[in-house]
Protein chains: 2
Amino acid sequence: MPRVPVPPEVDAFLARPNPAVVATVSPAGAPHTAATWYDWEDGRVFLNMDESRLRLRYMRENPGVALTVLGADDWYAQVTLLGRIVAIDEDPDLAGIDRLSIRYGGGPFHNRAARRFSAWMEPERWSSWPLPR
Amino acid sequence: MPRVPVPPEVDAFLARPNPAVVATVSPAGAPHTAATWYDWEDGRVFLNMDESRLRLRYMRENPGVALTVLGADDWYAQVTLLGRIVAIDEDPDLAGIDRLSIRYGGGPFHNRAARRFSAWMEPERWSSWPLPR
């Protein structure tokens, strides 16, 4: 798999609010996956999670993360990013989850009592299929 | 996350040809993800991969696999299965990939020269959101 940066057409694909699935690894070495909202800014992936999520616990222990982003119209048109979590911060005013909720077509996040965390993933390698390699 | 078997409504969801992403773990302990066709039969997941795929190599070394299946209409409606690969077999006549290609609305697989492998995943735990838990 080629190293980043991604080419312009992949950058444009990632900039759209597409479906995505994020994977982390448990302390026992088993993979975990979940559908996720994400944002793409300056070559990094923005994520936000409720404090209860297994993947938040797992990425604190093992920063390795994979993200597969699917095309909104043709889900098999896909981009995968492999990389590492480089920052995890609490989201006390919910600005992080609001950003994702609005990006994906809604208003501010519905649950104002949630305790949530934002994370940045730095991709190292990428692949796409069947977009241009 | 509850243990299998999944309840009937989750079983029905998995029986549809929905978008899915499969995760494996590299020998270095990093996650890898890819969009995938799958089939669901008697509580097990059927997968098929070209011989060149990283995930085929990874699941031979570490049988832990996670699969997130997304709703075809609402992708955030999701079911995740965590489990293990229990069998990997060569698919010499391409019956395995034909089964998936036909399930997802196509005819027999286009590349008859491909060398491919079929794998069965046995789920151990599952979760869904926002389907009934």
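These figures come from a predicted structure and were not determined experimentally.

This brings us to the overall build of chain A. The number of helices and strands found in chain A is three helices and seven strands. Secondary structure elements in chain A, listed N-terminal to C-terminal, are α-β-β-β-β-α-β-β-α-β. Its C-alpha atoms give chain A a radius of gyration of 14 Å, within 12% of the compact-globule value 14 Å for 133 residues. With the principal axes as the frame, chain A shows a C-alpha extent of 45 × 35 × 25 Å. Buried residues in chain A amount to 41% of all 133 residues. Residue pairs at least 24 apart in sequence account for 69% of intrachain contacts in chain A once pairs closer than 6 positions are excluded.

Before going further, it helps to spend a moment on the sheet that holds strand β4 (residues 44–50) of chain A. Residues and elements named next belong to chain A. Read across the open sheet, the seven strands follow the order β2-β1-β5-β6-β7-β4-β3; overall the sheet is antiparallel. Strands at the two margins of the open sheet, each flanked by one partner only, are β2 (31–35) and β3 (39–41). Pairs of neighbouring strands in the sheet enclose a mean axial angle of 30 degrees, with direction left out of account. Here β4 runs beside strand β7 (residues 116–129); their pairing, made up of six bridges, is antiparallel. When the sheet's bridge partners are listed, F46 is paired in β7 with W120. Against the sheet, helix α2 (residues 54–61) touches β1 (20–25), β2, β4, β5 (64–70), β6 (78–90) and β7, its axis set at about 50 degrees to β1.

Between chain B and chain A, the contact holds 24 residues from the first and 24 residues from the second. Of the residues forming the side of chain B that touches chain A, the biggest block, six residues, is contributed by strand β5 (residues 64–70) of chain B. Residues of the side of chain B that touches chain A, tallied by class, amount to 15 nonpolar, nine polar and no charged.

Moving on, we get to the confidence of the model for chain A. When pLDDT is averaged across chain A, the result is 96; 98% of the residues are at 70 or more. The ipTM value of the predicted complex is 0.96, and its pTM value is 0.97.

Moving on to the relation of the copies chain B and chain A. Superposing chain B onto chain A takes a rotation of 180 degrees combined with a translation of 0.0 Å along the rotation axis, leaving an RMSD of 0.0 Å. What we have between these two chains is a two-fold relation.

Time to look at the sheet that holds strand β6 (residues 78–90) of chain B. Residue and element names in this part refer to chain B. Strand order in the open sheet formed by seven strands is β2-β1-β5-β6-β7-β4-β3, with antiparallel pairing between adjacent strands. What marks the edges here is a single partner per strand, and that holds for β2 (31–35) and β3 (39–41). Averaged over neighbouring strand pairs, the angle between their axes works out to 30 degrees when direction is ignored. Together, β3, β5, β6 and β7 (116–129) form the strand contacts of helix α1 (residues 8–15), whose direction differs from that of β6 by roughly 60 degrees.

A word on the nonpolar core. If you look at soluble globular proteins, the nonpolar side chains tend to sit buried side by side. Grouped together as the largest cluster of nonpolar side chains are 66 residues, with contacts concentrated most on V22, V65 and L67 of chain A together with V22, V65 and L67 of chain B. Setting aside residues no more than four positions away along its own chain, V22 of chain B makes contact with T33, A34, T36, L47, R55, V65 and L67 of chain B.

A separate point is α1 of chain B. Since one α-helical turn is 3.6 residues long, residues separated by three or four positions face the same way. Residues and elements named next belong to chain B. Within α1 the residues assigned to the buried category are V10, F13 and L14. Each buried residue of α1 sits inside an arc of 95 degrees when the element is viewed along its axis, so together they form one side. Turned more than 90 degrees from where α1 packs its buried face, P8, E9, A12 and A15 sit exposed. For α1, the elements touching its buried residues are β3, β5, β6 and β7.

Further remarks concern the pairing of β5 of chain A. All names here are of chain A. Judged by how many residues are buried, β5 sits mostly within the fold: seven of seven residues are covered. Alternating residues of β5 divide into G64, A66, T68 and L70 and V65, L67 and V69, and every residue in both groups is buried. Across seven bridges, β5 lies against β6 in antiparallel orientation. Looking at the pairing, V65 lines up with G83 of β6.

Moving on: unusual backbone geometry. Here the residue pair W129 of chain A and P130 of chain A is connected by a cis peptide bond, since its omega of 0 degrees sits within 30 degrees of zero. Along the chain, P130 of chain A turns up in the segment after β7. Going from V4 of chain B to P5 of chain B, the amide bond is cis rather than trans, its omega being 5 degrees. One can find P5 of chain B in the segment before α1.

Each value, and the rule that gives it
- Residues numbered from 1 in each chain as written.
- Chains lettered and ligands numbered in written order.
- Predicted model: local features only at pLDDT ≥ 70, side-chain atom pairs only at ≥ 80, totals over all residues.
- Helix = DSSP H or I, 4+ residues; strand = E, 2+ residues; numbered from the N terminus.
- Rg over C-alpha atoms; globule rule 2.2 N^0.38 Å.
- Buried ≥ 20, exposed ≤ 12 C-beta atoms within 10 Å, placed from the backbone.
- Contact = placed C-beta atoms within 7 Å.
- Pairing = 2+ DSSP bridges.
- Axes fitted to C-alpha atoms, helices over the stretch in contact; angles between N-to-C directions.
- Nonpolar A, V, L, I, M, F, W, Y, C, P; charged D, E, K, R; others polar.
- pLDDT = per-residue confidence, 0-100.
- Least-squares fit on C-alpha atoms with pLDDT ≥ 70 in both.
- Core = buried A, V, L, I, M, F, W, Y, C linked by C-beta atoms within 7 Å.
- Arc of directions from axis to C-beta.

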